[in-house]
Amino acid sequence: MARRAKPTKQQTLTKWQKLAAQVYAGGDYAENETLEDTQCAGDGLYTFIQREIDPAEDCNSVDVALERIHTAIAELEVVKAALYAQRVRLK
């Protein structure tokens with residue numbers, strides 16, 4: 001098995017990461033070029049998305065990125081449903 005080089009925070013974003021930066025929050029992060037830029041953004045959800053679709057996390061294609069985003073959305077829907085179901089009790 002080939003060893004992957006350990007990525008650095010200065011790693012240039014992939015095409016799919018750049019697209020995410022361009023469309024997330026109305027393009028507020030469109031100028032991000034590196035993983036370090038995304039981590040300095042101060043937006044936890046944006047950072048999560050960028051890290052989830054990062055090659056350092058074995059996301060090596062747009063198809064894998066789509067699968068990861070789909071999974072994240074499904075998990076968020078489960079949390080949302082649980083919060084809605086318990087919102088009266090949790091107030």
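Look a little higher up for the structure.
Residues numbered from 1 in each chain as written. Predicted model: local features only at pLDDT ≥ 70, side-chain atom pairs only at ≥ 80, totals over all residues. Heavy atoms only, no water.

A. Expanded view of the overall build of the protein. Helix and strand counts for the protein stand at four helices and zero strands. Scanning the protein from its N terminus toward the C terminus, one meets helices and strands in the order α-α-α-α. Every one of the 91 residues in the protein was classed for burial, and the buried ones make up 25%. Pairs at least 24 residues apart make up 45% of the contacts formed inside the protein by residues separated by at least 6 positions. (Helix = DSSP H or I, 4+ residues; strand = E, 2+ residues; numbered from the N terminus. Buried < 20%, exposed > 50% of the residue type's maximum accessible area, 1.4 Å probe, protein only. Contact = heavy atoms within 4.5 Å.)

B. Seen up close, the nonpolar core. Of all hydrophobic cores here, the largest spans ten residues; its members are Trp16, Ala20, Ala21, Tyr24, Tyr29, Tyr46, Ile49, Ile53, Cys59 and Ala65. If we ignore the near neighbours within four places in the chain, the residues touching Tyr29 are Ala21, Tyr24, Ala41, Asp43 and Tyr46. (Core = buried A, V, L, I, M, F, W, Y, C linked by side-chain atoms within 4.5 Å.)

C. The layout of surface pockets, seen in detail. Computed from the structure, the largest pocket encloses a volume of approximately 220 Å³. Lining the largest pocket are Trp16, Leu19, Ala20, Val23, Tyr24, Tyr46, Ile49, Ile53, Val62, Ala65, Leu66 and Ile69. If you list the elements that add at least two residues to the lining of the largest pocket, you get α1 (15–23), α3 (44–52) and α4 (62–90). Its residues assigned to classes, the lining of the largest pocket comprises twelve nonpolar, no polar and no charged. (1 Å grid on protein atoms, 1.4 Å probe; cavity = no way out; pocket = protein on both sides within 12 Å on 5 of 7 lines; lining within 4 Å. Points joined across faces, edges and corners; volume = space filled by probe spheres on them. Nonpolar A, V, L, I, M, F, W, Y, C, P; charged D, E, K, R; others polar.)

D. Structural context of unusual backbone geometry. Here Ala25, not a glycine, exhibits a phi torsion of approximately 50°, which is positive. Positionally, Ala25 belongs in the loop between α1 and α2 (35–39). Of note, the phi angle at Asp58 is positive, near 65°, even though the residue is not glycine. Within the secondary structure, Asp58 sits in the loop between α3 and α4.

E. Spotlight on the pattern of salt bridges. Using the criterion set out here, one finds two salt bridges in the structure. Two residues, Glu33 and Lys18, come together in a salt bridge whose shortest N-O distance is 3.9 Å. Pair noted here: Glu33 is in the loop between α1 and α2 and Lys18 is in helix α1, with a separation of 15 residues, a long-range link. Since its relative accessible area comes to 40%, Glu33 is described here as partly exposed. (Salt bridge = Lys/Arg side-chain N within 4 Å of Asp/Glu carboxyl O.)

F. Geometry of the side chain of Thr47. Locating Thr47 in the fold gives a position in helix α3. Setting aside chain neighbours within four positions, we find Thr47 in contact with Thr38 and Gln39.

G. Spotlight on the environment of Ser61. Relative to the helices and strands, Ser61 is located in the loop between α3 and α4. The class of Ser61 is partly exposed, set by a relative accessible area of 23%.

Keep in mind these values describe shape, not function.
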